[in-house]
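Single-letter residue listing:
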Amino acid sequence: MSTYQAIAAVSTSLQALLGDRMETKADVTLAPPGVELENLSNNPRINLYLYRVSENAALKNQEIPGQWHAAAYGHPPLSLNLHYLLTAYPKNEKNKDAETTAQLALGDAMRVLHDFAIFTPGLLNKLVSPHDPLLDSVLRNEFERIKITLEPLSLDELSKIWTSLSQASFRRSVSYEVSVVQIESLIPRRVVKPVEKRRIQLSLSGRPEITAVYRKPVPPEPPGDPRTKLMDTIVIKGRGFLTPKTRVRLGGLEPIVVDPIDDGTIEIAVPDNQYPIDADHPAPPRSIPPELQLQPGPQEVTVLVERETEGVQGGLGHGTAYAGKVVLDSNRSFFLLVPEVNRLVSPPFQGTATGNLTIEGKRLYHPDLKSFIVIGDVAIPVPETQPAPPPPPPLPQSSNKVKVPLGLLAHLTPGAYPLRVLVNGVQNLETGTDFNFVLS
């Protein structure tokens, strides 16, 4: 396992490789460019300087194969690319052959790094210890091999590096990238729990499908109207409904057990404040919490079917056959729940009255939804407040009874006006003279 010593181990390994394999007798040093070193021989010098370290993006989140349990995760090793500046120095700057000597040493060093582009533990030290690897002991058992690549840099890029690193005169240099160096984290990995029980199941029938949802029509009304009041029956059309137990989920309510008419038809009444009695809950009827009761607007419909299934289950062995049941849900469809108007209560109105129009019904108001009473071309928000100071207190409103001030209708001419209630963007279904507002 590589430790924090891996970076320095790469530098010393490259130093050992160049010193052992170069034909020109050159000193190989590790120092910043331009630094004057002591105790050097009269040989040319090859200098390696680690000027940049970058993260290897390809191995950023990858564990070392075989190093940890296959199910372990978290804190993978830090994978790095090292960038070295290789510079050649002559043995005597003032000698007429100084530049030639430096170029010979540079070419020799580049030849070695080209020949041994993959630095393996099999490279042995020829000069000092013929049986010892040149690669540092810290790196010998690593999964990733040290790969040396010539990194092309423009003259401008090299000049910037020299300018930022040294005040000395620019010298002939090349850049090499060494990859991949991995430093292991000291934080232990986490191991997920093994699978204790496997189960493979098979069902010959697929999930149910809903193709249409609409209010059950009253002849001669044509089918297909998605607008529905509370306690009205809706028809769910599709396929795959006929099973030992079929349930329907409306909005956020609990699933309700139903008896499909056939494999493609289900009828169910939209509940108000109580769940219907079904096979899961025989009696008495259960109340629906107020926060779950269906409100005007689009309501989701899902069919859930329970089918017989069989399969194989067990641990790490061959397993055993079993038979059971599986619940499959259909695609989602929708119907529109609309408010319901049952009765209008209005005092005599002569155009200047200050009384209130009262409308009774179901789902006429909810504090979280926008509601309007529409009379003719006048839309009155519920609850209505006046902007003029001082504002009157809002009129009391409830789900089954709303009030609006008649004074807002003073500009209308005498006559009968159809009254409509809009809640959450949907309008009541009731029409006719019983629900007209009469202005005398």
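Residues numbered from 1 in each chain as written. Predicted model: local features only at pLDDT ≥ 70, side-chain atom pairs only at ≥ 80, totals over all residues. Heavy atoms only, no water.

Draft legend 1. Up close: empty space enclosed by the protein. Tallied over the entire structure, the rule returns two cavities of 30 Å³ or more. Here the largest cavity is characterised by a volume of approximately 40 Å³. Taken together, S2, L139, E142, E144, I146, V180, V181 and Q182 make up the lining of the largest cavity. Top element by residues in the lining of the largest cavity is strand 7 (residues 173–183). It accounts for three residues. Empty space within the second largest cavity amounts to approximately 30 Å³. Residue lining of the second largest cavity: L59, Q62, E63, I64, P65, F143, E144 and Q182, and that is the complete set. The class makeup of the residues in the lining of the second largest cavity is four nonpolar, two polar and two charged. (1 Å grid on protein atoms, 1.4 Å probe; cavity = no way out; pocket = protein on both sides within 12 Å on 5 of 7 lines; lining within 4 Å. Points joined across faces, edges and corners; volume = space filled by probe spheres on them. Helix = DSSP H or I, 4+ residues; strand = E, 2+ residues; numbered from the N terminus. Nonpolar A, V, L, I, M, F, W, Y, C, P; charged D, E, K, R; others polar.)

Draft legend 2. Local environment of the sheet that holds strand 23 (residues 401–405). In space, the three strands of this open sheet follow the order 19-20-23, with antiparallel pairing throughout. One side of each edge strand has no neighbouring strand; the edge strands of this open sheet are strand 19 (340–345) and strand 23. Between one strand axis and the next, the sheet turns by 25 degrees as a mean value, whatever way the strands run. One ladder, built from five bridges, connects strand 19 with strand 20 (residues 356–362); its direction is antiparallel. Bridge pairing in strand 20 links R343 to E360. (Pairing = 2+ DSSP bridges. Axes fitted to C-alpha atoms, helices over the stretch in contact; angles between N-to-C directions.)

Draft legend 3. Molecular detail of the side chain of N81. Tracing the backbone shows N81 in strand 4 (residues 78–89). Since its relative accessible area comes to 9%, N81 is described here as buried. At 3.1 Å, the side chain of N81 forms a polar contact with the side chain of N56. Those residues in contact with N81 that lie beyond four places of it in its chain are R52, V53, S54, N56, E177, V178, S179 and V180. (Buried < 20%, exposed > 50% of the residue type's maximum accessible area, 1.4 Å probe, protein only. Polar contact = N/O pair within 3.5 Å; in protein donor to acceptor, adjacent residues only side chain to side chain. Contact = heavy atoms within 4.5 Å.)

Draft legend 4. Highlighting the sheet that holds strand 1 (residues 27–30). Sheet architecture is open: six strands sit in the order 1-2-4-7-6-5, paired in mixed fashion. Two strands lie at the open edges of the sheet, namely strand 1 and strand 5 (118–119), each paired on one side alone. Alignment of strand 1 against strand 2 (residues 45–55), held across four bridges, turns out to be parallel. Its bridge partner being in strand 2, D27 is matched across the sheet by R45. Together, strand 2, strand 4, strand 6 (146–151) and strand 7 form the strand contacts of helix 2 (residues 98–115), whose direction differs from that of strand 4 by roughly 155 degrees.

Draft legend 5. Here's a closer look at unusual backbone geometry. Residue V180 is reached from S179 by a cis peptide bond, and omega for that bond is -5 degrees. Cis geometry is adopted by the peptide bond preceding P284, which originates at A283 and carries an omega value of -10 degrees. Mapped onto the fold, P284 is located in the loop between strand 15 (265–269) and strand 16 (297–314). A positive phi angle, close to 55 degrees, is found at R363, a residue other than glycine. Mapped onto the fold, R363 is located in the loop between strand 20 and strand 21 (371–375). With relative accessibility at 4%, the residue R363 sits in the buried group. Phi at N424 is positive, roughly 55 degrees, even though this residue is not glycine. Residue N424 is classed as partly exposed on the basis of its relative accessible area of 35%.

Draft legend 6. Quick look at the packing of helix 1 (residues 6–21) against helix 2. It is at 10 Å that the axes of helix 1 and helix 2 come closest, and there the two elements cross at 115 degrees. In terms of their interaxial angle, helix 1 and helix 2 are classed as roughly perpendicular. In this structure, helix 1 meets helix 2 at a crossing whose hand is right-handed. Here L14, L17, L18 and R21 of helix 1 lie close against helix 2, whose contacting residues are A109, R111, V112 and L113. (Parallel < 35°, antiparallel > 145°, perpendicular 65-115°, else oblique. Left-handed = near helix turned anticlockwise from the far one by under 90°.)

Draft legend 7. Region of the structure containing the side chain of T29. Counting through the fold element by element, T29 comes out in strand 1. Under the relative-accessibility criterion, T29 is labelled buried at 9%. In this structure the side chain of T29 is engaged in a polar contact, spanning 2.9 Å, whose partner is the side chain of R45. In this view, T29 contacts Q15, L37, L40, R45, I46, N47 and L48; residues no more than four positions away in its chain are not counted.

Draft legend 8. Representation of the nonpolar core within the structure. The biggest cluster of nonpolar side chains holds 35 residues, and the ones touching the most others in it are V10, L14, L17, L18, I46 and L86. Where this core is concerned, the elements lending two or more residues are helix 1, strand 2, strand 4, helix 2, strand 6 and strand 7. Among residues more than four places away in sequence, those in contact with V10 are L82, Y84, L139, I146, V178 and V181. (Core = buried A, V, L, I, M, F, W, Y, C linked by side-chain atoms within 4.5 Å.)

Draft legend 9. Local environment of the environment of V305. With respect to the helices, strands and loops of the structure, V305 is situated in strand 16. Using a relative accessible area of 1% as the deciding quantity, one classes V305 as buried. For V305 and P244, which are 61 residues apart along the polypeptide, the C-alpha to C-alpha distance reads 8.0 Å. Ignoring sequence-local partners within four residues, the contact set of V305 consists of P208, G240, F241, T243, K245, T246, V326, V327 and L328.

Draft legend 10. Up close: helix 2. Look at helix 2: 26 Å from first C-alpha to last across 18 residues, which is about the 26 Å you get at 1.5 Å a residue. Taken residue by residue, helix 2 has A98, A102, A105, L106, D108, A109, V112 and L113 as its buried positions. Buried positions in helix 2, seen along its axis, are confined to an arc of 165 degrees and lie on one side of it. Summarising the geometry of helix 2, the exposed residues directed more than 90 degrees from the buried face are L104 and H114. (Expected span 1.5 Å × (residues − 1). Arc of directions from axis to C-beta.)

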